[in-house]
Amino acid sequence: MDKLYFSYQDIHDLCIKLGNSISNKFEPDYILAISGGGLIPGRIIRKVLKKPVISVNISYYDSDDNIQSEPQIIQWIDSKIIENKKILIIDEIDDTGKTISYLINKLQESNVSELGIGVLHNKLKPKEYNLNNIKYFCGSEIPDKWVVYPWE
């Protein structure tokens, strides 16, 4: 299988580019970093947006790395913190869209006032979500290949 490799410098540069792109079009109250791949990008993008980072941890994989139909919620946030707030979801990659779709629905249940999504890489393939009135930002569009990030 073909793989795409990215260095820490690649990631840092892309985060700054993505943060600058977001800052011109969306001003969140909080950056919501998805634990795992979104923590490092969320922290770097925080330098640009100057907004606090909160995080959630959900997983669609079991202990043997088999994909599951429903996510396991490992860590969530108090909905009172995000109610009536603008939230920017940050993750490293948008692959199938399952995680983003789940988060869109879950955050809308918490009555956030506005949602934005920022991903370093968007794989060019069909997704499982609907972006009605949700701002979407990606640092780079990439082919549907396995991606290796420097923190893996």
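Attention here is on the structure that accompanies the text. Here the structure is a predicted model, which is why all the values come from computation and not from measurement.

Description of the overall build of the chain
Secondary structure assignment for the chain yields four helices and eight strands. Listing the helices and strands of the chain from first to last along the sequence gives β-α-β-α-β-β-α-β-α-β-β-β. In terms of C-alpha radius of gyration, the chain reaches 15 Å, essentially the compact-globule figure of 15 Å for 152 residues. Across its three principal directions, the C-alpha atoms of the chain cover 45 × 35 × 25 Å. The buried share of the chain, reckoned over its 152 residues, is 44%. Once local pairs closer than 6 in sequence are excluded, the contacts in the chain between residues at least 24 apart make up 67%.

Notes on the pattern of salt bridges
Applying the stated rule across the entire model yields seven salt bridges. Of the charged contacts, one joins Asp 2 and Lys 145 as a salt bridge, the two residues approaching to 3.9 Å between their closest N and O atoms. Here Lys 145 lies in the loop between strand 7 (135-142) and strand 8 (146-148) and Asp 2 lies in the segment before strand 1 (3-5), a separation of 143 residues in the sequence. Note on Asp 2: relative accessible area 52%, which makes it exposed. The structure contains a network of salt bridges with shared partners spanning Asp 95, Lys 123, Lys 125 and Asp 144.

Focus: the pairing of strand 4 (residues 67-75)
Where a strand is regular, its side chains alternate between the two sheet faces. Sheet analysis places strand 3 (residues 53-61) next to strand 4, joined by four bridges and oriented antiparallel. Each bridged residue has a counterpart across the sheet, and for Ser 59 the counterpart in strand 4 is Gln 72. Between strand 3 and strand 4, which pair antiparallel one after the other, the connecting turn spans five residues, and Asp 65 there sits at a positive phi close to 65°.

What about the packing of aromatic side chains?
The description of two aromatic rings rests on the distance between their centres and on the angle between their planes. The final tally for this structure, using the stated rule, is four aromatic pairs. For the pair Phe 6 and Tyr 149, a centre-to-centre distance of 6.0 Å together with 20° between the ring planes defines the contact as stacked. On the criterion of sequence distance, the pair formed by Phe 6 in the loop between strand 1 and helix 1 (8-23) and Tyr 149 in the segment after strand 8 is long-range, its members being 143 residues apart. Considered together, Phe 6 and Tyr 149 belong to a single accessibility category, that of buried residues. Taken together, a centroid distance of 5.1 Å and an interplanar angle of 5° make the contact between Tyr 149 and Trp 151 stacked.

Definitions and cut-offs
Residues numbered from 1 in each chain as written. Predicted model: local features only at pLDDT ≥ 70, side-chain atom pairs only at ≥ 80, totals over all residues. Heavy atoms only, no water. Helix = DSSP H or I, 4+ residues; strand = E, 2+ residues; numbered from the N terminus. Rg over C-alpha atoms; globule rule 2.2 N^0.38 Å. Buried < 20%, exposed > 50% of the residue type's maximum accessible area, 1.4 Å probe, protein only. Contact = heavy atoms within 4.5 Å. Salt bridge = Lys/Arg side-chain N within 4 Å of Asp/Glu carboxyl O. Pairing = 2+ DSSP bridges. Phe/Tyr/Trp six-rings, centres within 6.5 Å; stacked < 30°, edge-to-face > 60°.

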